[in-house]
Amino acid sequence: MNAIREPALGHLRWPTAGGSRVPYGVFTDPAIYELEQQRLFRGDAWSFVALEAEIPASGDYKSTFVGDSPVVVSRAEDGSIHAYVNRCAHRGAAICRELRGNVQNHTCVYHQWAYDLKGNLIGVPFRRGLNGQGGMPADFDMKKHGLQKLRVESYGGLVFATFSESVEPLPDYLGPMPCKAIDRIMNRPITVLGDQRQYVAGNWKLYAENTRDPYHASLLHLFHCTFGLYRSSQKGVSVMDAKRRHSMLTAMRGTDEGMVDGYQDTRTYNTDFTLADPSVLAGRPEFDDGVTLVILAVFPNLVVQQIANTLAVRQIIPRGVDKFELVWTQFGYVDDDAQMQAIRNKQGNLIGPAGLISMEDGEAVEIVHRSIIRDQDQTSYIAMGGEQAKDAEHLVTEGSIIGFWEYYREAMGWAA
Amino acid sequence: MLDLSALTPVDLHYQVGKLLSDYVECIDDDRLEEWPDLFVEDCLYQVIARENADRGLPTSAMYCDSRGMLRDRVVALRHANIYAKHYYRHVLSNVNVKGVQDGEVLVQSNYVVLQTLVEGDTKVFNAGKYLDRIVATPDGLRFKRKVVVFDTYRIPNLLVTPL
């Protein structure tokens, strides 16, 4: 770690132990953002970078980010997947300037240094000079000037990368709960249906909170609630892994008919709201367990979702202290029949930046971020469900948010 | 009802231009309840990022295959969705009437949507092209199919009002 750039944590006070009071400064302070890049995104964490299905063939690549570090994910001739920083070892130019593509090797356009699909330097023009003049020093060793490589591991077709040499292997990092949830959704070969990119003017952790928050989903999203896609009165769980860094919330549609009394005083449950064309809600049961909604949040930057018949991964890319990008990659299964393809297509109206049940999440992040810029020592109040980071067999809880903050404090090096 | 094949190219261009102008005006002037009326009942309205369209992938920001679904979008944005108050201003250009095929006028045009939020500043929100198939009905020209391919693949915050 670079001691000179080490920011101090001491100036922000957490008034209580644990994660139920969060000083607003963690969302707005550039020094905290810097430290997150070092200790989380370049620290002992695995960041989601791609679906294997996005780069199926040799030479396929995808440009993405780990934290705010630009990274290329690439498949080599032998089928192995590699990730390296998108920055030429020579003078720092991006070697890869497209979102995705297929190449034999990556060549920096600036001085044409060439790298193989694993990130090794394989060619330097004028290395021995021209006509006996110029050229690289005699001791120049190609092996020492490859691209900066990251560790890469896949689980269930999800590719993760890390700068860390010490973080545990990926399955151990994920733990049993997330692995089981990924096994369930990634149970057979998938096909990518496309990407949607949403740019939100708020701190990335506000979205980490949002996706660990079953409490908001049935109050903020009227469409969700009215049509029974998700209600807090449904059967569901809010659970975490052993370290409380990952979390999952699930719900089962059709389990709360006749018991929605709690919504009578809310704006959200509007029985007068009907659809002229309800086909957007038509779907098929896909999983034997009856679970119709899964939001699996994997620390620090991934959400895996099943909402009705929509399947997607959402990658969170921090773009500074007050901005993040959310990349939704929607997918189906290779063996989907034409009807299922049509269902997924139409249910796509529910999710993404124009999603009838998801568009409000960007708005929620922005209205929080705008209001907390001043008063950095003041804190949020997170107490629904008993003010503790504990699992719940219901959806009226903020336990997973508290768990996130407890792990965050630990990973950032704040005393508990 | 207009006989499309009997129109001169200049008249056809005028009629198409009028429909496109009515379309953007009804959005920009916030008369969204009238917006579905510019489509036939059995229509397609698709808003898709260029990065998906270029790859032949189906993921769309909006995909409505009936006028009923367009009405539902408007009802949802009026009553269900939460978003900051904003205004749109469409700038439309390069209206290219490519011809008439099987009773449908094929038209491509460019658009830019400027968005003004309550703070008062106006920004380019989205830019792209319209790929339209327009048919004659007793009520005048209507969209049979409108595919909005947007270059601005990164959507600032959210997309609620149709493009």
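Everything discussed here concerns the structure shown above.
Structural notes, computed from the coordinates. (Residues numbered from 1 in each chain as written. Chains lettered and ligands numbered in written order. Predicted model: local features only at pLDDT ≥ 70, side-chain atom pairs only at ≥ 80, totals over all residues. Heavy atoms only, no water.)

1. A look at the overall build of chain B
- Each helix and strand in chain B was counted, giving three helices and seven strands.
- Going from the N terminus to the C terminus, chain B shows its helices and strands as α-β-α-β-α-β-β-β-β-β.
- Taking 2.2 N^0.38 as the reference for a compact globule, 163 residues should give roughly 15 Å; the C-alpha atoms of chain B span a radius of gyration of 16 Å, in line with that estimate.
- Along the first, second and third principal axes, the C-alpha set of chain B runs to 50 × 30 × 30 Å.
- When burial is assessed residue by residue, chain B has 50% of its 163 residues classed as buried.
- Considering only contacts within chain B whose residues lie at least 6 apart along the sequence, 58% involve residues at least 24 apart. (Helix = DSSP H or I, 4+ residues; strand = E, 2+ residues; numbered from the N terminus. Rg over C-alpha atoms; globule rule 2.2 N^0.38 Å. Buried < 20%, exposed > 50% of the residue type's maximum accessible area, 1.4 Å probe, protein only. Contact = heavy atoms within 4.5 Å.)

2. Regarding the environment of Gly103(B)
- As for its position among the elements, Gly103(B) is in the loop between strand S3 (86-101) and strand S4 (104-117).
- Other than its neighbours up to four places away in sequence, Gly103(B) contacts Leu4(B), Ile134(B) and Val135(B).

3. Quick look at the nonpolar core
- Counting residues in each nonpolar core, the largest one holds 135 residues, and the members touching the most others are Phe223(A) and Tyr45(B).
- With eight residues, the single largest contributor to this core is helix H1 (residues 9-28) of chain B.
- Those residues in contact with Tyr45(B), other than ones at most four positions away along the chain, are Tyr23(B), Trp35(B), Phe39(B), Met62(B), Tyr63(B), Cys64(B), Leu70(B), Lys146(B), Val148(B), Pro162(B) and Leu163(B).
- Among the nonpolar cores identified, the runner-up in size contains 14 residues, and Tyr61(A), Val72(A), Cys96(A) and Leu121(A) belong to it. (Core = buried A, V, L, I, M, F, W, Y, C linked by side-chain atoms within 4.5 Å.)

4. So, the packing of helix H2 (residues 30-41) of chain A against helix H10 (residues 399-412) of chain A
Residues and elements named next belong to chain A.
- Closest axis-to-axis distance for the H2/H10 pair is 10 Å, and the angle between their directions is 85 degrees. Taken together, the axes of H2 and H10 are roughly perpendicular relative to one another. Here H2 contributes Ile-32, Leu-35, Glu-36, Arg-39 and Leu-40 to the contact with H10, which in turn contributes Tyr-408, Ala-411 and Met-412.
- Of the residues that constitute the contact of H2 with H10, the class distribution is six nonpolar, no polar and two charged. (Axes fitted to C-alpha atoms, helices over the stretch in contact; angles between N-to-C directions. Parallel < 35°, antiparallel > 145°, perpendicular 65-115°, else oblique. Nonpolar A, V, L, I, M, F, W, Y, C, P; charged D, E, K, R; others polar.)

5. Notes on the interface of chain A and chain B
- Facing 36 residues of chain A, the contacting portion of chain B comprises 33 residues.
- Taken together, the connections running from chain A to chain B amount to five salt bridges.
- Arg100(A) serves as the salt-bridge partner of Glu51(B), at 3.0 Å between the closest nitrogen and oxygen.
- Seen at the junction of chain A and chain B, the total is 26 residue pairs in polar contact (both at pLDDT 80 or more).
- Here the element with the most residues in the side of chain A that touches chain B is strand S11 (residues 190-200) of chain A; it accounts for eight residues.
- Here the residues of the side of chain A that touches chain B are counted per class, giving 15 nonpolar, 10 polar and 11 charged.
- Sheet analysis places S11(A) next to strand S7 (residues 154-156) of chain B, joined by three bridges and oriented parallel. What sits directly across from Gln198(A), in S7(B), is Ile155(B). (Salt bridge = Lys/Arg side-chain N within 4 Å of Asp/Glu carboxyl O. Polar contact = N/O pair within 3.5 Å; in protein donor to acceptor, adjacent residues only side chain to side chain. Pairing = 2+ DSSP bridges.)

6. Some points on the packing of aromatic side chains
- Tallied over the entire structure, the rule returns 22 aromatic pairs over all chains.
- With 5.8 Å between their ring centres and 80 degrees between their planes, Phe39(B) and Tyr45(B) make a pair best called edge-to-face. The pair Phe39(B) / Tyr45(B) is uniform in exposure class, with both members buried.
- By way of ring pairs, the aromatic residues Trp14(A), Phe27(A), Phe299(A), Phe404(A), Trp405(A), Tyr407(A), Tyr408(A) and Trp414(A) are connected into one cluster.
- Between Arg42(A) and the ring centre of Phe163(A), over which it is positioned, the NZ or CZ distance is 4.0 Å.
- The cationic tip of Arg184(A) hangs over the ring face of Phe287(A); the distance from NZ or CZ to the ring centre is 3.9 Å. (Phe/Tyr/Trp six-rings, centres within 6.5 Å; stacked < 30°, edge-to-face > 60°. Lys NZ or Arg CZ within 6 Å of the ring centre and 35° of its normal.)

7. Brief notes about a nonpolar patch on the surface
Residue and element names in this part refer to chain A.
- A grouping of Tyr-215, Leu-219 and Val-396 is seen on the molecular surface, where their side chains present a nonpolar patch of about 210 Å² in accessible area.
- Looking at where Val-396 falls in the secondary structure, it is placed in the loop between helix H9 (359-371) and H10.
- Here Val-396 falls in the partly exposed class, since its relative accessible area comes to 37%. (Patch = residues over 30% accessible without salt bridge, like charges linked within 9 Å, V, L, I, M, F, W, Y side chains within 5 Å. Areas by Shrake-Rupley, 256 points an atom, 1.4 Å probe, with all protein chains shown as cover.)

8. So, the environment of Val40(B)
Residues and elements named next belong to chain B.
- Mapped onto the elements, Val-40 comes out in strand S1 (residues 39-49).
- Spatially, the C-alpha atoms of Val-40 and Leu-141 are 9.3 Å apart, while their sequence positions differ by 101 residues.
- When residues no more than four places from it in sequence are discounted, the contact partners of Val-40 are Arg-67, Val-135, Thr-137, Arg-142, Phe-143 and Lys-144.

9. Some remarks on the pattern of salt bridges
- Enumeration over the complete set of coordinates arrives at 39 salt bridges over all chains.
- For Arg31(B), the salt bridge goes to Asp29(B), with nearest N and O atoms at 4.0 Å.
- The exposure class assigned to Arg31(B) is partly exposed, which follows from its relative accessible area of 30%.
- Take Asp29(B): its relative accessible area is 41%, and that puts it in the partly exposed class.
- Between Glu34(B) and Arg31(B) there is a salt bridge, with its nearest N and O atoms 2.7 Å apart.
- Look at Glu34(B) and you get partly exposed, because its relative accessible area is 39%.
- By sharing partners, the salt bridges in this structure join Arg100(A), Asp195(A), Arg197(A), Arg319(A), Glu325(A), Glu51(B), Arg55(B) and Arg154(B) into a single network.

10. Thoughts on the sheet that holds strand S7 (residues 114-115) of chain A
- Spatially, S6-S7-S8 (chain A) is the arrangement adopted by the three strands of the open sheet, whose pairing is antiparallel. Strands with a single pairing partner mark the edges of an open sheet, and in this sheet they are strand S6 (106-107) and strand S8 (121-123) of chain A.

11. Let's talk about unusual backbone geometry
- The omega torsion across Phe299(A) and Pro300(A) is 0 degrees, close enough to zero to call that bond cis.
- Within the secondary structure, Pro300(A) sits in the loop between strand S14 (293-298) and strand S15 (302-307).
- A positive phi is found at Asp375(A), a non-glycine position, where the angle reads about 60 degrees.
- Mapped onto the fold, Asp375(A) is located in the loop between H9 and H10.
- We classify Asp375(A) as partly exposed; its relative accessible area is 42%.
- Phi at Asn157(B) is positive, roughly 65 degrees, even though this residue is not glycine.
- Relative to the helices and strands, Asn157(B) resides in the segment after S7.

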